[in-house]
Amino acid sequence: MRHTKLLTLMLLTLLAALAAAQSLPAPLPAPASQDAKMQWFREAKFGLFIHWGLYCIPAGEWKGQPVAGIGEWIMNRAKIPVGEYEKLADQFNPVKFDAEQWAQMAEDAGMKYMVITSKHHDGFAMFHSAVTKYNIYDATPFHRDPLKELAAACARHHIRFGFYYSQAQDWHEPNGAGNTWDFGPDDKKDYDQYLRGKAEPQVKELLAGYGPVCLIWFDTPRMMTAERVQRFVDIVHSMQPATLIDGRLGNGQSGDYQSMGDNAIPNAVVKGDWEVPATLNHTWGYKKDDNDWKSPEDLTFKLVDIASKGGNYLLNVGPTSEGLIPQPSQDNLRAVGRWLKVNGEAIYGAGPTPFGDELGKVDPTKQDKKGGPAFVVSTDWRCTTKPGKLYIHLFKWPTGSFEVSKVKGKVTKAYLLADAAHKSLKVKQQSDHVTVALPDKAPGQIASVLVLETKAN
């Protein structure tokens, strides 16, 4: 055990020296406990997901024809041969990419961490990898490492930085999972040759060369046995023990936190640490014909809804082949950020609702997609919590007063979070039922937060 700890310490010291030489912060030391490891994640609540790769060049169209489905899956959906898809690298020159602008936008949006595709299923590395020349530095006219630039920019803006890495699917490699049109059935491949020859070495590169990595977001765990999963876990734990592993590494293991389905918000409070990965429109990678953007009101509601159930919201943008984040994405995210400037106290580090009835109810007269009774979401209000405080997020402004039952303890003060002076509002309480008198007009346009300060009886 002492020998293992010594090796880990030596490795962390070496990584710190490498990071210092590259003007990046040093990797973080091993956390004292799992709670300590998860502390930043529980505080953050809101993160930026970025899907960016060669697929943003065709942008949903191949040989003049639109390809259905999400943009980053175009190679798979159109069954594009490796030899043809590789040629996209010759065209990839995102000269308008500016890491500082991306990090500034994330900060403006109130996001606390960033996760970007280092390698998606198409197998193309968006960083300077020594494992293969099939990467943005060696194979494109751009000849830069944008992830290195982003790591430094995020450090300047105090945004934690992490990577998406497709560990199982790699449509470029003969032994990677997923490409059956070029390389035949997955069960006939030497899958461990791919893992040991590319995936594992690239994960080591990401952990060694980009400063502190807040998390690695693995995905689509095909053929990931317990032994294969453990190899990745050991790599992460030995190189950066503070780095979180998401819930999609494989073999039924939940990682450090649970990853919900894409755009799948649960109907009730979920215990433990979890996250909802979600899109601003219908795709993850850029598609030129997908301009159905979620509004600032919808995004804010989803952020509050997820936080009120105990989770984090990882919201995606898909930059263009020029290196630009679509302007509607930026505008709508910054609108959420303006709301957070006023109401962030009720989100960052906040716990879930103690109530639950406000979330909605099952309607036996309606059917869900599986044919069962549908859950009908209620959108009037949500509640987040901190010790001694209930934050009531009002999306529909009540007439005259707000009433809530099942309040534990005594309400000692009520005020609106948008009111810097915290002027007290009139409160009536009978047992666990509380009524708060409200002004005629809401102080906020999207949602106004009513704070109830409480103490135990």
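Residues numbered from 1 in each chain as written. Predicted model: local features only at pLDDT ≥ 70, side-chain atom pairs only at ≥ 80, totals over all residues. Heavy atoms only, no water.

(A) Seen up close, the overall build of the chain. Broken down by element type, the chain carries 11 helices and 19 strands. Taking 2.2 N^0.38 as the reference for a compact globule, 457 residues should give roughly 23 Å; the C-alpha atoms of the chain span a radius of gyration of 24 Å, in line with that estimate. Over its C-alpha atoms, taken along the principal directions, the chain stretches across nearly 70 × 60 × 45 Å. The buried share among the 457 residues of the chain stands at 53%. (Helix = DSSP H or I, 4+ residues; strand = E, 2+ residues; numbered from the N terminus. Rg over C-alpha atoms; globule rule 2.2 N^0.38 Å. Buried < 20%, exposed > 50% of the residue type's maximum accessible area, 1.4 Å probe, protein only.)

(B) Structural view of the nonpolar core. Core analysis: the biggest nonpolar cluster contains 99 residues, and L48, Y85, M114, L150, L315 and L333 have the highest contact counts within it. Element by element, the count of residues in this core is highest for helix α8 (residues 191-209), at 7 residues. What L150 contacts, discounting residues up to four positions off in sequence, is F97, A99, W102, M114, I116 and F161. (Core = buried A, V, L, I, M, F, W, Y, C linked by side-chain atoms within 4.5 Å. Contact = heavy atoms within 4.5 Å.)

(C) Region of interest: the packing of aromatic side chains. Across all of its chains, the model carries 25 aromatic pairs by this definition. An angle of 65 degrees between the planes, with centres 5.0 Å apart, marks the rings of W52 and W102 as edge-to-face. A residue pair is termed long-range when its members are at least 10 positions apart, and W52 in the loop between β1 (46-50) and β2 (61-62) and W102 in helix α5 (residues 99-108) qualify at 50 residues. Residues W52 and W102 agree in their burial class; the two are buried. With centroids separated by 5.5 Å and ring planes inclined at 80 degrees, the aromatic side chains of F163 and Y210 adopt a geometry described as edge-to-face. (Phe/Tyr/Trp six-rings, centres within 6.5 Å; stacked < 30°, edge-to-face > 60°.)

(D) Representation of the side chain of H393 in the model. Along the chain, the position of H393 falls in strand β14 (residues 389-394). Residue H393 is classed as buried on the basis of its relative accessible area of 0%. Polar contacts involving the side chain of H393 include one to the side chain of T384, which spans 2.9 Å. Every residue in contact with H393, bar those within four places of it in the chain, is listed here: V304, W339, A346, I347, D380, W381, R382, C383, T384, S448 and V449. (Polar contact = N/O pair within 3.5 Å; in protein donor to acceptor, adjacent residues only side chain to side chain.)

(E) Just unusual backbone geometry, in detail. Positive phi is not limited to glycine here, since H143 has a value of about 50 degrees. Here H143 shows up in the loop between β4 (113-119) and α6 (146-156). According to the relative accessible area criterion, H143 is partly exposed, its value standing at 44%. Despite not being glycine, K406 has its phi angle at roughly 65 degrees, a positive value. Judged by its relative accessible area of 53%, K406 is exposed.

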